[in-house]
Amino acid sequence: MPKLFQFDGTNLYCDGVPANTPDEIISHYYKNNLKDRPLIIYGAGELGNWYFKEMKRLQIPIAAVCDTHKAGESLPNGMGKIQSLSEALEKYPSAFIIIASFSFYDEIKSSILSDLPEERIFSLHDLLLTYRPMSVGSAYRNYLIEHLDAFNWLADNLADDLSRKTFREVILGRINGDITCFRRITQPDEYFPSDLIQLQKDEVFVDVG
């Protein structure tokens, strides 16, 4: 049976799946889908500011920030002014638009479609919510690499496939921040799964936290 965790000197794999941190995943997405294209964030509210800071931290350049209701206002930390979409597209006619709004995403997208094609409009919502930035991701990854043999020994000595799957998903989710890893191992009855525990009439259960 192949080892659950493998490291080739550069890349770490968990059951054949690349175990990358959220920053690596988002940066990879940028390099493969958006590199060398001007990026405009549409929405200068709390989410837009967060997108702007995250992109700056990941060294992903943002050409402009737009907001219909805030055009002309200053961006935080002296980063220029909020522009109207028409003004930004005049400067960057080939730009891609990142919609920074959950509640008004459809409304904003509908209004933008008159100015540019749909394939240049997208939301980081799913990407950033699936791979939540977690500062501990790199720490988990580095620790696993340093103790690779011990982790593989534990995986090899688990009693059943469910335990192995649970171990895999917890480790991978801790590294990449993907919350769906944890959802895949969530049981309907997390305290008394029927395949492990069968409570009898004379059982006494004490919840001690």
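Across soluble globular proteins, nonpolar side chains have a tendency to be buried as a group. Core analysis: the biggest nonpolar cluster contains 20 residues, and Leu39, Ile41, Ile62, Val65 and Ile98 have the highest contact counts within it. Counting only elements with at least two residues in this core, the list comes to helix 1 (22-33), strand 4 (39-42), helix 2 (46-57) and strand 6 (96-99). Ignoring sequence-local partners within four residues, the contact set of Ile62 consists of Leu39, Ile41, Phe52, Met55 and Ile98. Ranked by size, the runner-up nonpolar core spans 15 residues in total, among them Ile40, Tyr42, Leu116 and Ile121.

Going residue by residue along strand 4, you find Leu39 and Ile41 tucked away on one face and Ile40 and Tyr42 tucked away on the opposite face as well. Where strand 4 meets strand 5 (residues 64-66), 3 bridges bridge the pair, whose relative direction is parallel. Note that in strand 5 the partner of Tyr42 across the bridge is Cys66. As for the winding sense of the linkage, the β-α-β connection from strand 4 through helix 2 to strand 5 is right-handed.

As a further point, take the confidence of the model for the protein chain. Averaged over every residue, the pLDDT of the protein chain is 82; the share at 70 or more is 91%. Here helix 5 (residues 125-130) is the element of the protein chain with the lowest mean pLDDT, 59, and helix 7 (residues 148-156) is the one with the highest, 95.

The subject of this paragraph is a nonpolar patch on the surface. Together, Leu196, Ile197 and Leu199 make up a nonpolar patch on the protein surface, roughly 290 Å² of accessible area in all. With respect to the helices and strands, Ile197 occurs in the segment after helix 9 (179-183). Among the residues examined, Ile197 registers a relative accessible area of 37% and is labelled partly exposed.

Right, let's get into the packing of aromatic side chains. The description of an aromatic ring pair rests on the distance of the ring centres and on the angle between the ring planes. Counted under the stated rule, the structure contains 4 aromatic pairs. Relative to Phe151, the ring of Phe5 has its centre 6.1 Å away and its plane inclined at 85°; by these criteria the two rings are edge-to-face. With Phe5 in strand 1 (residues 5-7) and Phe151 in helix 7, this pair connects stretches of sequence that are 146 residues apart. Residue Phe5 is classed as buried on the basis of its relative accessible area, which comes to 2%. The buried category is assigned to Phe151, whose relative accessible area is 17%. Residues Phe151 and Phe167 carry aromatic rings whose centres are separated by 6.2 Å and whose planes lie at 10° to one another, so their mutual orientation is stacked. One end of the pair, Phe151, is in helix 7; the other, Phe167, is in helix 8 (residues 161-176), with 16 residues separating them in the sequence. Residue class for Phe167 comes out buried when judged on its relative accessible area of 16%. Grouping aromatic residues by their ring pairs yields a cluster made of Phe5, Tyr143, Phe151 and Phe167.

Thresholds applied
Residues numbered from 1 in each chain as written. Predicted model: local features only at pLDDT ≥ 70, side-chain atom pairs only at ≥ 80, totals over all residues. Heavy atoms only, no water. Core = buried A, V, L, I, M, F, W, Y, C linked by side-chain atoms within 4.5 Å. Buried < 20%, exposed > 50% of the residue type's maximum accessible area, 1.4 Å probe, protein only. Helix = DSSP H or I, 4+ residues; strand = E, 2+ residues; numbered from the N terminus. Contact = heavy atoms within 4.5 Å. Pairing = 2+ DSSP bridges. Right-handed = clockwise from strand over helix to strand, strands pointing away. pLDDT = per-residue confidence, 0-100. Patch = residues over 30% accessible without salt bridge, like charges linked within 9 Å, V, L, I, M, F, W, Y side chains within 5 Å. Areas by Shrake-Rupley, 256 points an atom, 1.4 Å probe, with all protein chains shown as cover. Salt bridge = Lys/Arg side-chain N within 4 Å of Asp/Glu carboxyl O. Phe/Tyr/Trp six-rings, centres within 6.5 Å; stacked < 30°, edge-to-face > 60°.

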